[in-house]
Amino acid sequence: MKALWNIIKLELLANLRSRAFFLLTSASVLWMLVMPSVVKSDGTDEGARQLYVHYSLGGVFALVLVSLAAAAAGSLSRDRAAKRLQLTMVRPVRYFLIAAGRYLALLTIGAAELVLAAGILACKTDASRPCDHVLSPILPSVWEEAEDMYEVYMNDVETPKEVRAMSKEDVVALLAAKAPDHYQTVGTNETASWEFAYLGTTDKLSVQLRFTNMYDTREDVNGRFSLGQATGAVSNITQAVAKVPLSGVAGPSDGLARVLTFENHGGSSVMLRPRRDIQLLVEADSLACNLTRATLELVAMLSVALAFAMFLGASLGRSVAVFAVITMLVLTALTPSVVADADEFASEKMDRIGYKIAKFTEKFTRPLGALEPLEKLANDVCVERAEVVRVMTLNLGVYPLLLLMLSALVIPRKQDGL
């Protein structure tokens with residue numbers, strides 16, 4: 001442990017002497033302070049707050065990620081090229097400790113920058129603002145729904161001939177992809193209901209919804225939501241998203257208390273997508289607590305990126321390793337838009353192969369590309385503790401350990417390389 005601590009201390013001192021830490025800190029603080037004047041919102045206070053929460057901390061995370069990942073990629077490869085690793089081994093010190101010490105030093109710097117940015121964010125926003133647990137209706141999986149719809153869809157006269165010629169596997173995959181956009185119509189004086197995995201009693205419930213009709217215009221919507229003894233009226237929806245508080249206690253967990261009903265009292269039918277447009281909100285804790293959980297997830301995401309960059313530095317030359325890291329980050333940022341615009345069922349085989357590659361890349365890099373903790377934080381959605389534990393276990397524990405062990409195996413085989 002003493003050898004590990006000495007390596008960490010030497011790496012931290014090296015960053016302090018090079019002024020890299022102070023430059024990174026200055027850039028982070030400057031961004032947190034000037035960001036509100038750089039990014040323009042939709043003109044509302046709520047829109048400005050959401051942009052600030054998302055992009056202020058997100059900008060600092062991107063800055064820290066790029067700078068420290070490049071430093072991690074160049075750390076081992078630079079010393080290997082200068083033949084300094086051989087001198088380090090005179091003690092002797094295990095290769096794993098060298099990689100782990102430098103990784104932990106850079107992670108400490110990155111964590112400090114993110115904590116500083118989170119502290120500034122907490123001071124410039126209402127830290128007592130509540131966040132909500134978001135529950136979605138209990139529905140069959142998209143694949144189960146697709147299987148149930150297959151026969152009906154293939155027997156529909158309006159189904160395109162091109163689709164009829166496809167294999168059942170492709171058609172089911174197509175239906176599964178479209179399942180989240182299936183609409184449910186609630187006619188005048190009709191009642192719709194959805195079951196939620198909600199148990200217990202609380203008086204801090206809300207329903208979040210998005211309403212539209214077949215012409216995609218926003219007309220007056222009138223109705224009432226009920227969950228047990230808790231009720232809430234909704235009318236005159238003009239926003240894209242509405243939050244309807246429920247007054248009263250939901251009641252005991254007798255089955256009925258978990259069923260949310262909507263009675264349409266308006267003069268026209270209401271169309272909504274149960275998988276996207278209906279959510280039950282249960283008030284959790286404050287923005288300050290949510291910010292803490294989001295920051296922990298960001299540190300964990302930074303951790304796995306630094307460990308991967310350290311592995312590249314152990315395996316490749318400095319310039320190649322840094323280039324590979326920058327390329328990886330660019331692909332991480334671009335892949336979600338590529339997947340969104342691509343056609344999974346394109347007629348060209350190469351297009352389908354390209355889509356599958358992009359989809360795999362998106363799945364692998366999604367934590368860094370989506371930054372879901374910041375999205376949730378900006379929209380007052382609770383970053384769940386179970387998710388934080390899972391992300392930290394994998395990204396702060398399992399994955400870095402495996403990557404550092406691989407680095408330790410690669411280093412001695414690259415001692416005479418670039």
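Here the structure is shown first, and the text comes after it.
Basis of the calculations
Residues numbered from 1 in each chain as written. Predicted model: local features only at pLDDT ≥ 70, side-chain atom pairs only at ≥ 80, totals over all residues. Heavy atoms only, no water. Helix = DSSP H or I, 4+ residues; strand = E, 2+ residues; numbered from the N terminus. Buried < 20%, exposed > 50% of the residue type's maximum accessible area, 1.4 Å probe, protein only. Contact = heavy atoms within 4.5 Å. Salt bridge = Lys/Arg side-chain N within 4 Å of Asp/Glu carboxyl O. Pairing = 2+ DSSP bridges. Axes fitted to C-alpha atoms, helices over the stretch in contact; angles between N-to-C directions. Left-handed = near helix turned anticlockwise from the far one by under 90°. Nonpolar A, V, L, I, M, F, W, Y, C, P; charged D, E, K, R; others polar.

Take the environment of Ala 192 next. On the secondary structure map, Ala 192 appears in strand 3 (residues 191–195). Judged by its relative accessible area of 6%, Ala 192 is buried. With sequence-adjacent residues up to four places away left out, Ala 192 is seen in contact with Gln 184, Val 186, Leu 260, Thr 261 and Phe 262.

The subject of this paragraph is the pattern of salt bridges. What the rule picks out here adds up to 14 salt bridges. The partner of Asp 181 in a salt bridge is Arg 273, and the shortest N-O contact between them spans 3.4 Å. Of this pair, Asp 181 sits in the loop between helix 8 (168–178) and strand 2 (184–186) while Arg 273 sits in the loop between strand 9 (270–272) and helix 9 (274–277), placing them 92 residues apart in sequence. Given the relative accessible area of 33%, Asp 181 is considered partly exposed. Notably, a salt bridge pairs Arg 276 with Asp 181, separated by 2.9 Å at the nearest N-O pair. In this pair, Arg 276 sits in helix 9 while Asp 181 sits in the loop between helix 8 and strand 2, placing the two residues 95 residues apart along the sequence.

Further remarks concern the sheet that holds strand 10 (residues 278–286). Strand order in the open sheet formed by four strands is 1-10-4-7, and the pairing between neighbours is antiparallel. Each end of this open sheet is capped by a strand with a single partner; those strands are strand 1 (130–135) and strand 7 (242–246). Taken over all neighbouring pairs, the strand axes of this sheet differ in orientation by 35° on average, direction set aside. Where strand 4 (residues 205–209) and strand 10 come together, five bridges link them in antiparallel fashion. Each residue of the ladder has a partner; that of Leu 209, found in strand 10, is Ile 278. Lying over the sheet, helix 10 (residues 287–315) contacts strand 1 and strand 10, oriented at roughly 95° with respect to strand 10.

Quick look at helix 8 now. An α-helix turns once per 3.6 residues; consequently, residues spaced three or four apart project the same way. Those residues of helix 8 lying buried are Val 171, Val 172, Ala 173, Leu 174, Leu 175 and Ala 176. Turning to helix 8, the residues buried within the fold contact helix 6 (142–155) and helix 7 (161–164).

It is the contact of helix 6 with helix 8, at a shortest axis distance of 8 Å, that shows an interaxial angle of 115°. Between helix 6 and helix 8 the crossing geometry is right-handed. Within the contact between the two elements, helix 6 uses Val 142, Trp 143, Ala 146, Glu 147, Met 149, Tyr 150, Tyr 153 and Met 154 and helix 8 uses Lys 168, Val 171, Val 172, Ala 173, Leu 175 and Ala 176. Across the contact of helix 6 with helix 8, the residue classes break down as 12 nonpolar, no polar and two charged.

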